[in-house]
Amino acid sequence: MATRALTQQDFRQVVASNHIVLVDFWADWCGWCKRFAPVYDASSVTHPQIVHATVNGETEPALAAMAELTGYPTIMAFREGLPVYKHAGYLTAAQLEDVVQQVQWMDMDEFRRQAAEQLRQQQAAQQQATTPETAAAPAAHRAGLAGGPPQYGWPGLRAR
């Protein structure tokens, strides 16, 4: 199976409607992307049951922003509509095959449990950060004790 170019219009539909989707984010000017393309194409032939998609980060800036790219090429793997893997940088054929095997055989129930626990921890941290005292004023504008030893009076005057 050949690779499939995705756009902002069909990205979500393709990810949601396929069991496993690998996405290669690339750019025309990227030399490593050009070296990785044949490796990625070979994987699409070896694994026709997996959608091998590509996204040109320059022509699809909204998708590049959504992926929070830090470099090209970037590989993302989605399983059952969930992002389960992300790597920025060139992968050899063996490394890409290892990613494919890990994504195929991962325990999705355990992955969902871990994701739910991380979400609960994030929500708890946000709730602690927004107690009634701190919700009244932004952090930069709250009054409180300054650090260091207390000093009283006008600068330059000593207490007697």
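Parameters and conventions
Residues numbered from 1 in each chain as written. Predicted model: local features only at pLDDT ≥ 70, side-chain atom pairs only at ≥ 80, totals over all residues. Heavy atoms only, no water. UniProt positions renumbered as here; feature names shortened; annotations may be inferred. Helix = DSSP H or I, 4+ residues; strand = E, 2+ residues; numbered from the N terminus. Buried < 20%, exposed > 50% of the residue type's maximum accessible area, 1.4 Å probe, protein only. 1 Å grid on protein atoms, 1.4 Å probe; cavity = no way out; pocket = protein on both sides within 12 Å on 5 of 7 lines; lining within 4 Å. Points joined across faces, edges and corners; volume = space filled by probe spheres on them. Nonpolar A, V, L, I, M, F, W, Y, C, P; charged D, E, K, R; others polar.

- Taking an unreviewed UniProt entry as the reference, the chain is identified by name as Thioredoxin belonging to Nocardia otitidiscaviarum.
- One UniProt comment on the chain, placed under Sequence similarities (unreviewed entry), says "Belongs to the protein disulfide isomerase family."

1. Details of unusual backbone geometry
Item 1. A cis amide bond links Y72 with the next residue in sequence, P73, at an omega value of -15°.
Item 2. The topology assignment puts P73 in the loop between α3 (61-66) and β4 (74-79).
Item 3. The backbone of E68 sits at a positive phi, close to 50°, despite the residue not being glycine.
Item 4. Note on E68: relative accessible area 59%, which makes it exposed.

2. Describing the layout of surface pockets
Item 1. Approximately 240 Å³ is the volume found for the largest pocket.
Item 2. Forming the boundary of the largest pocket are Q8, F11, R12, V15, A62, L63, M66, A67, M76, F78, G81 and P83.
Item 3. Taken together, the elements giving at least two residues each to the lining of the largest pocket come down to α1 (11-17), α3 and β4.
Item 4. Here the residues of the lining of the largest pocket are counted per class, giving 9 nonpolar, 2 polar and 1 charged.

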